[in-house]
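Chain and residue survey
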Amino acid sequence: MPTFSFLNPGFLWALPAAAIPLLIHLLSRRRLPEIPFPTTSFLQTLEPREIRRIRLRELLLLLLRTLALLLFVLAFARPALTPADAVTHAAAAVGILLDDSESMAAVDERGHARIDEAKARAAALVEASRSGDAILLASSTREEAPRPDRGDDRVRLRRAVDRIEALPRPASMAPTLGGLRRAMERSPLPFRELYVVSDFQRSNFSDAARAELVRAATAGMRVFLVPVAGSSLPNRAFESIDPEIRPGPEGRGLELRARLVNHASAPSDRIAIRLREGEALIGGGDASLRAGERAWIAMPIEERGLGVSGSSRETRVTAEMDEDALATDDVWHAVLGAPRRLRVLRIVEARGGAPPRFTALALDPSRNGASGFSVEEGSPASLLSLTAGRADVVLLEDVAALSGDAEARLRAFVRDGGGLVVAMGPHADPDYYSRRFFPGLIDLSLQSAARAPDGGSYELRARAAGHPILEGLSVEVGAPLSKARLTGLVRGNVTTPRAEVVVQTSSGLPVVVAAPSVAVFLSSLSDDWGELPFSGAYVPLIRGMVSHAARAESGAPPSLVVGAAPRMRLAAAPSGGIRVRGPRDYVSTATVEAEGTGFRAVALDPAPAPGFYQFDTEGQMLGTVAVNVDPVESDLTTLPPDSLRAALPPDALERLTVLPTTAALTRHLQATRRGEELWLPLLLLAAVLLAVEIALASARRLSA
Amino acid sequence: MSDDRPRLLDPVFISKLARLDLQARLVVEGFLTGLHRSPYHGFSVEFAEHRQYMPGDPLRHLDWKVLAKSDRKYLKQYQEETNLRAHLLVDTSASMGYGTSGVTKLDYARQLAASLAYLILGQHDAVGLFGFAQGRGEQIPARSTMGHLRPLLLLLERLTAGGGTDFTASLHTLAERITRRGLVVILSDLLDEPEKIAQAIHHFRHRRHEVLVFHILDPQEVAFDFEREAVYVDVEGGPRVTTRPRELRDDYRARIQAWRARLRTICIEKRADYMALTTDVPYDRALLEYLAKRSRLL
């Protein structure tokens with residue numbers, strides 16, 4: 001049975017007002033005056049018929065007036081009908097997870113920010129709370145468990161909602177959902193409702209986050225998904241900047257490379273990029289990206305514009321593009337090292353006669369380092385004297401196996417930040433590499449070498465889009481890398497996610513496998529197994545692998561993101577305390593930890609905003625690191641909330657409801673908190689009754 | 001003088017004058033002043049004066065002798081001399097005491113009767129008076145001397161409203177009592193059954209009397225223009241009706257009009273003259289009606 005209630009029962013005291021017409025009617029029937037009149041006989045013949053009609057009409061008018069007044073009073077008392085199956089006849093624990101991740105700062109075509117819409121929905125939920133409710137307000141970037149607030153403390157709750165702003169951080173959807181669910185389970189209240197107010201960004205709802213929703217639904221909670229983004233928004237973003245300044249084309253000038261992504265289902269317009277050091281414009285370029293494309297864009301940069309700060313030469317560069325839907329990812333900060341050449345120690349085995357020099361020519365064709373690479377030839381024995389100061393990257397090219405000492409020295413080199421590129425070939429011993437050399441360096445197991453069947457060839461295809469190894473090759477995922485024939489390769493198998501297949505054959509056999517500081521080419525970089533060295537893809541592929549291996553060696557820390565503690569590598573531990581300063585008056589102390597052969601300074605407080613963070617000790621500057629937003633938030637593709645129901649078991653399906661619009665949320669809150677309000681129909685009915693009464697009374701006067 | 005004429009004929013104004021003889025004289029003189037050059041200036045056997053011939057005058061009154069002597073056309077006017085005997089019947093039933101505009105129906109009837117008597121005696125006709133109601137009545141026989149006016153007026157002043165409305169019974173009695181044929185002028189509100197009234201008029205007609213009915217009603221009896229709800233009590237002990245006038249007004253008016261039309265029809269059928277009056281109607285209309293009737297009779 002539906003429950004009938006009044007939301008303003010105080011007005012029911014005015015119900016006796018409905019008796020006013022009746023009182024007036026009765027008072028008007030007081031003792032009437034007597035008027036002598038000679039021709040009453042004429043009246044007498046009229047009276048019974050007329051009086052009956054008049055009395056009937058008067059009764060009708062009385063009834064209409066009384067009913068109209070009654071309806072007015074009832075309308076002011078706001079009657080409501082709550083359906084029998086409404087969840088909240090009693091107080092409820094209401095959990096509100098408000099997504100405040102970076103993507104919520106996105107602005108749609110009408111200029112509305114997602115976070116404003118989300119706050120409005122959350123405010124509606126707060127407004128609908130009742131005195132007995134316990135409200136748990138959580139945000140998706142803070143993992144601490146929320147504390148319940150009393151439902152009648154609306155002012156505080158409203159302020160708490162008002163204070164929430166979109167932060168330049170990714171959402172931690174699974175942990176925050178889990179924390180909220182556990183906090184709600186601790187509530188003694190029998191009804192529990194969990195509202196997720198979010199843009200339902202695809203990247204935020206991982207399997208773990210979906211599993212949390214399922215746990216909440218199967219734990220008896222009613223889960224309501226409140227999407228605030230009407231549709232996916234196209235967005236362009238920076239994803240990285242190569243901290244290495246490289247020589248420009250043909251060795252002239254310098255260039256900086258930035259990785260851009262176009263999260264859109266249509267090609268981008270021309271994207272203009274400006275590079276600044278402070279306020280000074282020091283370079284720039286433009287690019288157009290296809291739908292969904294990631295690409296490295298090389299841009300000329302003025303050598304004279306590169307400043308020197310502190311004792312080490314470093315340049316703070318900010319790359320900007322025109323603002324689009326999400327403004328925070330249209331700026332990228334980078335601390336650039338001094339322009340330098342990558343030193344490559346190429347290890348080949350002497351097998352009688354001069355070995356082919358394809359790789360050396362690809363890296364340094366003019367032999368003067370103008371290409372940004374300088375190549376030193378060496379034998380496996382030369383590895384015994386390998387130090388970090390001698391080379392940045394070691395390239396093992398078709399080496400059968402290494403001696404124990406050489407192998408240990410090479411491992412130490414990599415551990416100290418050196419890069420390693422291993423190329424197989426007809427002489428390399430897959431068993432040695434698979435069993436002895438690779439463990440600890442890259443999770444890759446090898447089998448025997450294989451030739452292409454029936455005299456055919458393998459076709460190379462890009463597998464990992466936007467991988468730095470492919471940055472010189474403008475290819476899409478699955479597209480052929482080259483038309484060159486590759487007739488043999490060593491079959492390999494990636495064993496853990498730490499190693500990534502970057503290039504594979506059309507039949508799915510790995511060709512290029514990458515791990516931090518290490519790249520492995522599973523075929524020959526010479527012309528032993530085909531004609532790859534003669535193809536256009538050869539030079540960018542070799543340079544990509546060497547650059548990838550050298551990147552970790554370059555000293556640049558992995559990209560630092562907002563929300564994480566700023567950290568930087570130190571060659572030596574400073575004697576005094578370290579202080580870190582950054583944007584928004586950020587000041588923090590830092591601790592020093594050992595890392596490999598060096599040290600690492602880690603700030604105690606997380607970075608609140610993107611920008612440059614400077615480490616110093618006792619007035620001496622140690623260095624600067626750049627902190628940027630996490631690129632994961634740049635993809636503004638939304639997930640249809642209904643798709644989240646797919647993971648639910650059938651018996652929990654009815655516990656998950658999508659409230660796609662403000663109207664749907666309002667209706668839901670109306671039905672579950674206040675019931676279906678009836679004041680408007682009552683008011684309309686009263687108005688109609690009054691209109692009928694006036695019409696009847698006017699008709700009577702006119703006829704009279 | 002002519003400016004005062006409407007005032008002198010206004011029932012409310014006249015009713016404020018204390019003496020009935022004065023009232024009657026003022027009314028009739030005011031009325032006659034208005035009739036200057038009117039066709040009601042009578043012709044009689046007794047010469048009164050000459051008047052210049054006007055085209056359209058009947059040639060039978062042309063003074064041929066004067067024409068022969070002086071070649072001028074004059075008409076001879078005569079003092080009228082008739083044997084008309086008029087009987088004024090004034091209803092004094094209780095309902096005649098009703099009045100809402102300062103004049104009761106009886107007042108109106110009394111002044112109208114006095115004026116008629118003055119006018120009739122002025123024309124050397126005989127006039128008598130009957131005040132009648134159920135079970136009682138006073139009578140003065142018809143005489144034509146001006147000295148007869150005083151007792152007539154005294155009786156009129158004595159008349160008071162009262163008693164029931166068995167009006168037709170009184171009429172029948174009077175019809176039996178008036179032996180010489182003459183003009184019977186009834187001044188009444190005729191609150192009785194129309195059929196009975198028809199029989200009474202028929203009775204007069206049967207006795208070869210001419211009948212002129214002045215049907216006198218109060219304006220409120222015609223319009224029923226009351227506003228408030230009240231108990232309306234019949235003045236002659238009839239029914240009591242509780243009503244809101246505005247609810248019944250239209251139907252009531254329609255019925256009153258139908259009733260008056262019915263009475264008019266009855267009078268026409270009985271070859272009597274009927275005139276509906278309300279107490280706010282100036283007396284000249286009634287006097288004119290009388291003169292028209294008299295001229296038809298002569």
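A brief report on the enclosed structure follows. Because the structure is a prediction, the values reported are computed rather than measured. (Residues numbered from 1 in each chain as written. Chains lettered and ligands numbered in written order. Predicted model: local features only at pLDDT ≥ 70, side-chain atom pairs only at ≥ 80, totals over all residues. Heavy atoms only, no water.)

All names here are of chain B. Grouped together as the largest cluster of nonpolar side chains are 41 residues, with contacts concentrated most on Leu88, Val90, Leu112, Leu116, Phe214, Leu277 and Tyr290. Breaking this core down by element, the ones donating at least two residues are strand 3 (85-91), helix 5 (105-122), strand 4 (126-133), helix 6 (149-158), strand 6 (183-188), strand 7 (210-217), strand 10 (273-278) and helix 11 (283-297). When residues of this core are assigned to their parent elements, the largest contribution, 12 residues, is made by helix 5. Apart from the residues lying within four places of it in its own chain, the contact partners of Phe214 are Leu112, Leu116, Val185, Ile186, Leu187, Ser188, Met275, Leu277, Ala286, Glu289 and Tyr290. (Core = buried A, V, L, I, M, F, W, Y, C linked by side-chain atoms within 4.5 Å. Buried < 20%, exposed > 50% of the residue type's maximum accessible area, 1.4 Å probe, protein only. Helix = DSSP H or I, 4+ residues; strand = E, 2+ residues; numbered from the N terminus. Contact = heavy atoms within 4.5 Å.)

Moving on, we come to helix 5 (residues 173-185) of chain A. Structural remark: α-helix, 3.6 residues per turn; residues separated by three or four positions point the same way. Residue and element names in this part refer to chain A. When the terminal C-alpha atoms of helix 5 are compared, their 18 Å separation across 13 residues agrees well with the 18 Å that a helix rising 1.5 Å per residue should span. Judged by how many residues are buried, helix 5 sits mostly within the fold: 10 of 13 residues are covered. Within helix 5 the residues assigned to the buried category are Met173, Ala174, Thr176, Leu177, Gly178, Gly179, Leu180, Arg181, Ala183 and Met184. (Expected span 1.5 Å × (residues − 1).)

With that settled, the discussion passes to the interface of chain B and chain A. Residue-level contacts link 32 residues of chain B with 27 residues of chain A. Carbon and sulfur atoms supply 63% of the area buried between chain B and chain A, which totals about 2,900 Å² over both sides. Scanning the region where chain B abuts chain A turns up one salt bridge. Between chain B and chain A we count six residue pairs in polar contact (both at pLDDT 80 or more) in total. The biggest single contributor to the side of chain B that touches chain A is helix 10 (residues 245-269) of chain B, with 10 residues. (Buried area = accessible area lost by both parts, 1.4 Å probe. Salt bridge = Lys/Arg side-chain N within 4 Å of Asp/Glu carboxyl O. Polar contact = N/O pair within 3.5 Å; in protein donor to acceptor, adjacent residues only side chain to side chain.)

All names here are of chain A. A full pass over the atoms with the stated rule returns 45 salt bridges over all chains. Taking the shortest distance from any N to any O, the salt bridge between Asp616 and Arg579 comes out at 4.0 Å. One end of the pair, Asp616, is in strand 32 (residues 611-617); the other, Arg579, is in strand 29 (residues 578-582), and 37 residues separate them in sequence. Judged by relative accessible area, which is 39%, Arg579 ranks as partly exposed.

All names here are of chain A. Pairing geometry for strand 29 and strand 30 (residues 586-595), over five bridges, is antiparallel. The partner of Arg579 across the bridge, within strand 30, is Thr589. Looking at chain direction, strand 30 and strand 31 (residues 598-603) are connected through six bridges and run antiparallel. Paired with Glu595 across the strands is Gly598, a residue of strand 31. (Pairing = 2+ DSSP bridges.)

Looking at the secondary structure, you find Asp133(A) in the loop between helix 3 (114-127) and strand 5 (134-139). Side-chain polar atoms of Asp133(A) contact the backbone nitrogen of Ala92(A), separated by 2.9 Å.

Another point: helix 7 (residues 167-177) of chain B. The complete set of buried residues in helix 7 of chain B reads Phe167(B), Thr168(B), Ser170(B), Leu171(B), Leu174(B) and Ala175(B). Viewed along the axis of helix 7 of chain B, the buried residues span an arc of 155 degrees, placing them on a single side of the element. (Arc of directions from axis to C-beta.)

In total, this model carries 22 aromatic pairs over all chains according to the counting rule given. Ring geometry for Phe37(A) against Phe224(B): centres 5.3 Å apart, planes inclined by 45 degrees, an arrangement best described as tilted. Note that Phe37(A) is positioned in the loop between strand 2 (34-36) and helix 2 (40-76) and Phe224(B) in the loop between helix 9 (219-223) and strand 8 (230-233), a pairing that runs across two chains. Of the two residues examined, Phe37(A) and Phe224(B), each falls in the buried class. Among the aromatic residues, ring-to-ring pairing joins Phe37(A), Phe42(A), Tyr98(B), Phe224(B), Phe226(B), Tyr232(B), Tyr252(B) and Trp259(B) into one connected group. (Phe/Tyr/Trp six-rings, centres within 6.5 Å; stacked < 30°, edge-to-face > 60°.)

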